[in-house]
Amino acid sequence: MSVGPHQTAEVEKYLRALQERICVALAAEEGKAAFTRDEWQREAGGGGVTRILADGAVFERAGVGFSTVQGDALPPAASKQRPELAGRKWKALGVSLVIHPRNPYVPTVHMNLRFFVAQHNEDAVWWFGGGFDLTPYYGFEGDARHWHATAKDAAGEAYPFFKKWCDEYFYLPHRKEPRGIGGLFFDDWTLGGFPTAFTLVKSIGDHFLPAYLPIVQARKDTAYGEREREFQLLRRGRYVEVNLVHDRGTLFGLQSGGRTESILMSMPPLVSWRYDWQPEPGSKEAELYEKFLVPRDWIA
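Residues numbered from 1 in each chain as written. Predicted model: local features only at pLDDT ≥ 70, side-chain atom pairs only at ≥ 80, totals over all residues. Heavy atoms only, no water.

A tally of regular secondary structure across the protein gives ten helices and nine strands. When burial is assessed residue by residue, the protein has 56% of its 300 residues classed as buried. Intrachain contacts of the protein at a sequence separation of at least 6 include 71% that bridge at least 24 residues. Summed over all atoms, the accessible surface of the protein reaches about 13,400 Å², with 53% contributed by carbon and sulfur. (Helix = DSSP H or I, 4+ residues; strand = E, 2+ residues; numbered from the N terminus. Buried < 20%, exposed > 50% of the residue type's maximum accessible area, 1.4 Å probe, protein only. Contact = heavy atoms within 4.5 Å. Areas by Shrake-Rupley, 256 points an atom, 1.4 Å probe, with all protein chains shown as cover.)

Okay, the pattern of salt bridges next. Side chains that differ in charge, positive against negative, can pair when their charged atoms come close. Going through the model one piece at a time under the given rule, you end up with 21 salt bridges. In this structure, the salt-bridge partner of R227 is E280, at a minimum N-O distance of 3.8 Å. A residue pair is termed long-range when its members are at least 10 positions apart, and R227 in helix 7 (residues 226-245) and E280 in the loop between helix 9 (260-263) and helix 10 (284-292) qualify at 53 residues. Linked through salt bridges whose partners overlap, the residues forming this network are E60, R229 and R236. (Salt bridge = Lys/Arg side-chain N within 4 Å of Asp/Glu carboxyl O.)

Next up on the list: the side chain of N112. With respect to the helices, strands and loops of the structure, N112 is situated in strand 5 (residues 108-120). One polar contact links the side chain of N112 to the main-chain carbonyl oxygen of V95, over a distance of 3.5 Å. Filtering out sequence-adjacent residues up to four positions away, N112 remains in contact with V95, S96, G129, G130 and G131. (Polar contact = N/O pair within 3.5 Å; in protein donor to acceptor, adjacent residues only side chain to side chain.)

The next thing to look at is the pairing of strand 3 (residues 59-71). Strand 3 sits mainly inside the fold: ten of its 13 residues count as buried. In the sheet, strand 2 (residues 46-54) pairs with strand 3 via nine bridges, with the strands oriented antiparallel. Its bridge partner being in strand 3, R51 is matched across the sheet by V64. Connecting the antiparallel pair strand 2 and strand 3 is a turn made up of four residues, with D55 showing a positive phi of about 60 degrees. Of the pairings in the sheet, the one linking strand 3 to strand 4 (residues 90-101) comprises twelve bridges and is antiparallel in character. (Pairing = 2+ DSSP bridges.)

What follows deals with the packing of helix 3 (residues 141-155) against helix 5 (residues 193-206). Running from amino to carboxyl end, helix 3 crosses helix 5 at an angle of 155 degrees, the nearest separation of the two axes being 8 Å. As the angle between them shows, helix 3 and helix 5 are arranged roughly antiparallel. Helix 5 is crossed by helix 3, and the crossing has right-handed handedness. For the pair helix 3 and helix 5, contact is made by D153, A154 and A155 and by L200, S203 and I204, respectively. Across the contact of helix 3 with helix 5, the residue classes break down as four nonpolar, one polar and one charged. (Axes fitted to C-alpha atoms, helices over the stretch in contact; angles between N-to-C directions. Parallel < 35°, antiparallel > 145°, perpendicular 65-115°, else oblique. Left-handed = near helix turned anticlockwise from the far one by under 90°. Nonpolar A, V, L, I, M, F, W, Y, C, P; charged D, E, K, R; others polar.)

For the coordinates displayed, the defined rule picks out 29 aromatic pairs. Each ring, one from F115 and one from W126, has its centre 6.4 Å from the other, and the planes form 45 degrees; the classification is tilted. Of the two residues, F115 is situated in strand 5 and W126 in strand 6 (residues 123-135); the sequence distance between them amounts to eleven residues. With respect to burial, F115 and W126 carry one shared label: buried. For the ring pair F161 and W165, a centre distance of 5.3 Å and an interplane angle of 50 degrees mean the geometry is tilted. One end of the pair is F161 and the other is W165, both in helix 4 (residues 159-169) and four residues apart, which spans about a single turn. Exposure remark for F161: the relative accessible area of 47% places this residue in the partly exposed category. (Phe/Tyr/Trp six-rings, centres within 6.5 Å; stacked < 30°, edge-to-face > 60°.)

So, on to helix 1 (residues 5-30). Between the first and last C-alpha of helix 1 there are 37 Å, a value that for 26 residues agrees with the 38 Å anticipated at 1.5 Å per step. Positive backbone phi, approximately 80 degrees, marks G31, located one or two places after helix 1. (Expected span 1.5 Å × (residues − 1).)

With that settled, the discussion passes to the nonpolar core. Counting residues in each nonpolar core, the largest one holds 68 residues, and the members touching the most others are F128, F208 and Y212. With sequence-adjacent residues up to four places away left out, F208 is seen in contact with I22, L97, I99, V109, M111 and F132. Within the second largest apolar cluster, eight residues are counted, among which are V69, W90, A118 and W127. (Core = buried A, V, L, I, M, F, W, Y, C linked by side-chain atoms within 4.5 Å.)

Encoded structure:
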């Protein structure tokens, strides 16, 4: 099934509403800081709304962005995967969020849902992409099981495939370690046609808050000290490495002339790198590497 302006408008309506719904829920959980709204226009076509919450009691930085951009030729980050579309007109819509909590016992989280339409001869070629993944600093078995059980509810029969895709995508080959405990990831997704694929995307978007907020609520008041904070900043460095070295979404945004501030809102406000740091054997930091940053079936 091809898509036209009606289907694109339907996706945009859902994504804008999802951004608002998530911001309302996060602001209610935060209680102290509020989201600012930054509406922007892209010179080459399109624009977006970036919502940022900073210096909160619960969230040190939370960015939730919506964008709809278009152009006359796909950037390399997209055309590399679909070379037959190089030089074609395109349009991309998406919601992207990254939440960096203040308390090291609360995980960082990422979600992205996007829709591409590109002209190919007389037809419109389209696909969905995105997913969500969790990056804990200190591991809790119950949190990981809840996260993945909710991801399975969201993706249904596609869960095993999307989980494996996520484990492989958010992986740092130069360090031989995953960024976190994964979740869902998919790209170039058209299976079942537009109505079926869009229903799956909406299910993933609708399950984000039920997956993440219970973990925030369970961990946000946990006492921590300088040791935990230092480890959090060190692990945030891995987050930066994935985003700037490997992430297709970040590359696409920069190559397409998107708004740099909005693209890089995913960066943590504070981060550190230490030369050849190793966790102390038997420590909670070592447990993260040994029990959580490894391929696991969290639901079995």
